[in-house]
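So you can see what is in the structure, the chains are spelled out below.
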Amino acid sequence: MYRILLTVTAITGSLLAATCSEPAQPDYPVTAVPLNAVNLTDDFWAARLETNRTVTIPHIFEQCEKNGRIDNFAVAAGLMDGEQQGSYPFDDTDIYKSIEGAALSLMLHPDPVLEAYIDSIVVLIGSAQEEDGYLYTARTNDARRLRNWFRDERWVNIRSSHELYNAGHLFESATAYYQATGKRELLDIALKLADLIDRDFGPDAIQAPPGHEVIEMGLVKLYRVTGERRYLDLAKFFLDIRGKAPDGRRLGGEYNQDHLPVVEQDEAVGHAVRAAYLYAGIADVAALTGDEEYLSAVDRLWTDVVGRKMYITGGIGATGSGEALGARYQLPNMSAYNETCAAIGNIFWNHRMFLLHGDAKYVDVLERTLYNGFLSGISLEGDGFFYSNPLESVGQHGRSPWFGCACCPPNVTRLIASVPGYFYATRGNSIYVNLFASGHASVEIPYGNIKLTQQTGYPWDGNIEIAVEPDQSAMRTWNLFVRIPGWARGKPVPGDLYSFVDLADESPELTVNGSRI
């Protein structure tokens, strides 16, 4: 049974499902309440946030040290002798994602020791950066055994090199660390690299998209922090050129989502993580430019994934061959791949879809993925990880403290640290309550500040009490939208891919100050 009890204190308000007017400038119509305005105190997420802070983040940095991720920057900087360590040229991103996870954690729990440690790594990253801004340790360190990935010259093999993928994760970590601490050192490193890429790519320069998407989201974050429109324009360029690069530069077909122009794509194909990152980037650019063709494309792709290619857990990526989404309705249990990074990408994407449309169905998918497709990827202890997450096993699967291709563990740290930022959102003088956990939030709307306090045993039971306390400046009419999850209304997911065998006889209940509505 799913019950919501609202306790409203001295408020002129309404509880409804209406829409608000669009903002004057192109942007997401809905705005997430910042994670540092939300304090979770429950036994579920608060415990995981603390484990992430005290166990997972230190564990990830320890593994990065042990496996040469930090030394690679020191070698590139000329501060130590040695060769590039690791098996992949994208190992730099393990550091970048770890810094982002730590930065998000610092927003919730200041930690001078952790901050000083990150500062020391930032010094190494800056020292490893080449004079014109280029930053890619595998090339700087002349890692010949990895040369097939990146070839003899910059940017000539961006289908495989991950040069732009590395840059995208750097941009995301730099903006997060700047927002957490106000320190510009890592941001300045990122901007120097972004300016180089802006000079080297474009309509009058290199016209080719990256083989592994993520730079699009990173450039949008740089645009938001700096206000520099050219970063947003560059993100759009990388989307616009996909599927139509001139001079035989088409990169990877369906595997890289480079088979068609973005605005013509209507089926989600290829590598699942790349696809989810691409679709999140499309949503960003659609919101910030008002491009209706992009909006239509990302809506079509979402319908395809949720209606034909998503597991009941919210996981995506049915096959280990190409770490790919697979064909429509190809959803085996035993051989399911469901990479943890793909679940993370699915959460990023669905959150953006909610910010675009304000529809609870996107949060239904986000929540299902968060609790099932994602959390299976990390142990309760916080130092063991799954790379793939099948739905069936005969005992052949076990979590690992690290992987040769270690993209998932540091990705987990940044997702867990970001969880409070998915709980609430605003749109004008409307507030959305999207996720449920005991705790409180301070929500700013044009009419003033509203304090929301939740008491609940969610996800173990569906009884939720929300106390609403506006300050004196908010004594005016405003709207409170409380999500009633699809599973509580007999819909496990949007669409008809899955349905309940036995529907509950009881319906959700909602009461306000003791009166049922």
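Structure's up top.
In this report, we go over the structure that sits alongside the text. (Residues numbered from 1 in each chain as written. Predicted model: local features only at pLDDT ≥ 70, side-chain atom pairs only at ≥ 80, totals over all residues. Heavy atoms only, no water.)

## Regarding the overall build of the chain
Here is the rule we go by: The secondary structure listing takes helices from DSSP runs of H or I that are at least 4 residues long and strands from runs of E that are at least 2 residues long, numbered from the N terminus. Atoms considered for the radius of gyration are the C-alpha atoms alone. The globule rule reads 2.2 Å times the number of residues to the power 0.38. Working definition: with a 1.4 Å probe on protein chains only, accessible area under 20% of the residue-type maximum means buried, over 50% means exposed, and in between means partly exposed. In this analysis, two residues are considered to be in contact whenever any of their non-hydrogen atoms come within 4.5 Å of each other. The Shrake-Rupley method, run with a 1.4 Å probe, gives the accessible areas here. Residue values count only the displayed protein chains as cover. For the purpose of counting charges, residues Lys and Arg are taken to be positive, whereas Asp and Glu are taken to be negative. His and the chain ends are not included. Just so you know, the charge point we use is NZ for Lys, CZ for Arg, CG for Asp and CD for Glu.
Summing up its helical and strand segments, the chain has 15 helices and eleven strands in all. Relative to a compact globule of 517 residues, whose C-alpha radius of gyration would be 24 Å, the chain shows 23 Å and is just as compact. Overall, the C-alpha framework of the chain stretches about 70 × 50 × 50 Å when taken along its three principal axes. Residue burial in the chain is summarised as follows: out of 517 residues, 57% are buried. Within the chain, contacts between residues separated by at least 24 positions form 69% of all contacts whose residues are at least 6 apart in sequence. Approximately 19900 Å² of the chain is accessible, and the part contributed by carbon and sulfur atoms is 48%. Distance between charge centres in the chain, computed from 43 positive and 66 negative side chains, equals 3 Å.

## Thoughts on helix H15 (residues 408-418)
H15 sits mainly inside the fold: eleven of its eleven residues count as buried. Three or more residues of H15 are buried, namely Cys408, Pro409, Pro410, Asn411, Val412, Thr413, Arg414, Leu415, Ile416, Ala417 and Ser418.

## Some thoughts on the packing of aromatic side chains
To describe a pair of aromatic rings, one takes the distance between the centres and the angle between the planes. We apply this condition: In summary, the pairing rule links any two rings of Phe, Tyr or Trp, Trp by its six-membered ring, whose centres are within 6.5 Å, and it sorts them by plane angle into stacked for under 30 degrees, edge-to-face for over 60 and tilted for everything else. By definition here, charges over rings are those cases where NZ of Lys or CZ of Arg is within 6 Å of the ring centre and within 35 degrees of the ring normal.
Applying the stated criterion across every chain yields a total of 26 aromatic pairs. Their ring planes at 85° and their centres at 5.8 Å tell us that Tyr88 and Trp149 sit as a pair that is edge-to-face. On the criterion of sequence distance, the pair formed by Tyr88 in the loop between helix H2 (69-76) and helix H3 (92-108) and Trp149 in helix H6 (residues 147-150) is long-range, its members being 61 residues apart. Put simply, the rings of Phe44, Trp45, Tyr371, Phe436, Tyr458, Trp460 and Trp487 pair up and form one aromatic cluster. For Arg48, the ring lying beneath its charged end belongs to Phe44, and the centroid distance is 3.8 Å. In this structure, Arg154 is placed above the aromatic ring of Tyr134, and the distance from its NZ or CZ to the ring centre is 4.1 Å.

## Focus: the packing of H3 against H15
Here is the rule we go by: Axes here mean lines fitted to C-alpha atoms, for a helix over just the part in contact, with angles spanning 0 to 180 degrees between N-to-C directions. Convention used here: angles under 35 degrees read as roughly parallel, angles over 145 as roughly antiparallel, angles from 65 to 115 as roughly perpendicular, and any remaining angle as oblique. A clockwise turn of the near helix away from the far one marks a right-handed crossing, whereas an anticlockwise turn of less than a right angle marks a left-handed crossing.
In contact at an axis separation of 8 Å, H3 and H15 are set at 20° when each is read in the N-to-C sense. One finds that H3 runs roughly parallel with respect to H15. Both H3 and H15 take part in a crossing whose hand is left-handed. Each of Asp94, Lys97, Ser98, Glu100, Gly101, Leu104, Ser105 and Leu108 in H3 lies in contact with H15, whose residues at this interface are Pro410, Asn411, Thr413, Arg414, Ala417 and Ser418.

## What to know about the sheet that holds strand E5 (residues 430-433)
We apply this condition: Pairing between strands requires that DSSP locate at least two bridges from one strand to the other.
Read across the open sheet, the four strands follow the order E2-E4-E5-E9; overall the sheet is mixed. Single-partner strands in this sheet number two, and they are strand E2 (31-32) and strand E9 (479-482). Pairing of E2 with strand E4 (residues 424-427) involves two bridges; the strand directions are antiparallel. Looking at the pairing, Ala32 lines up with Ala425 of E4.

## Observations concerning the pattern of salt bridges
To be explicit about the condition: Any carboxyl oxygen of Asp or Glu within 4 Å of a side-chain nitrogen of Lys or Arg constitutes a salt bridge here.
Enumeration according to the criterion identifies 34 salt bridges in this entry. Here Arg53 and Glu50 are joined by a salt bridge, their closest N and O atoms 2.8 Å apart. Of the two residues, Arg53 and Glu50 are both situated in helix H1 (residues 45-66); the distance of three residues between them amounts to about one turn of the helix. Under the relative-accessibility criterion, Glu50 is labelled partly exposed at 36%. In this structure, Arg229 engages Asp233 in a salt bridge whose closest nitrogen and oxygen atoms are separated by 3.0 Å.

## Observations regarding the environment of Asp502
Positionally, Asp502 belongs in the loop between E9 and strand E10 (509-512). With relative accessibility at 68%, the residue Asp502 sits in the exposed group. Taking the C-alpha atoms as reference points, Asp502 and Gly490, twelve residues apart in sequence, are found 9.1 Å from one another.

## So, the pairing of strand E6 (residues 439-445)
The alternating pattern of E6 places Gly439, Ala441, Val443 and Ile445 on a buried face and His440, Ser442 and Glu444 on a face that is not buried. As defined by bridge partners, strand E3 (residues 38-40) adjoins E6 across three bridges and the pair is classed as antiparallel. Following the sheet pairing, Val38 is matched in E6 by Ala441. With seven bridges connecting them, E6 and strand E7 (residues 448-456) associate as antiparallel partners. Looking across to E7, one finds that Ile445 is bridged to Gly448. Between the end of E6 and the start of E7, which pair antiparallel, lie two residues.

## Points about the packing of H1 against H15
The following threshold applies: The classification used treats Ala, Val, Leu, Ile, Met, Phe, Trp, Tyr, Cys and Pro as nonpolar, Asp, Glu, Lys and Arg as charged, and all other residues, Gly among them, as polar.
In the contact formed by H1 and H15, the axes pass within 10 Å of each other and the chain directions differ by 155°. Regarding the angle of H1 to H15, the classification is roughly antiparallel. As H1 runs across H15, the sense of the crossing is left-handed. Along its contact with H1, which presents Arg48, Leu49, Asn52, Thr56, Ile57 and Ile60, the element H15 presents Pro409, Pro410, Thr413, Ile416 and Ala417. Its residues placed into classes, the contact of H1 with H15 shows seven nonpolar, three polar and one charged.

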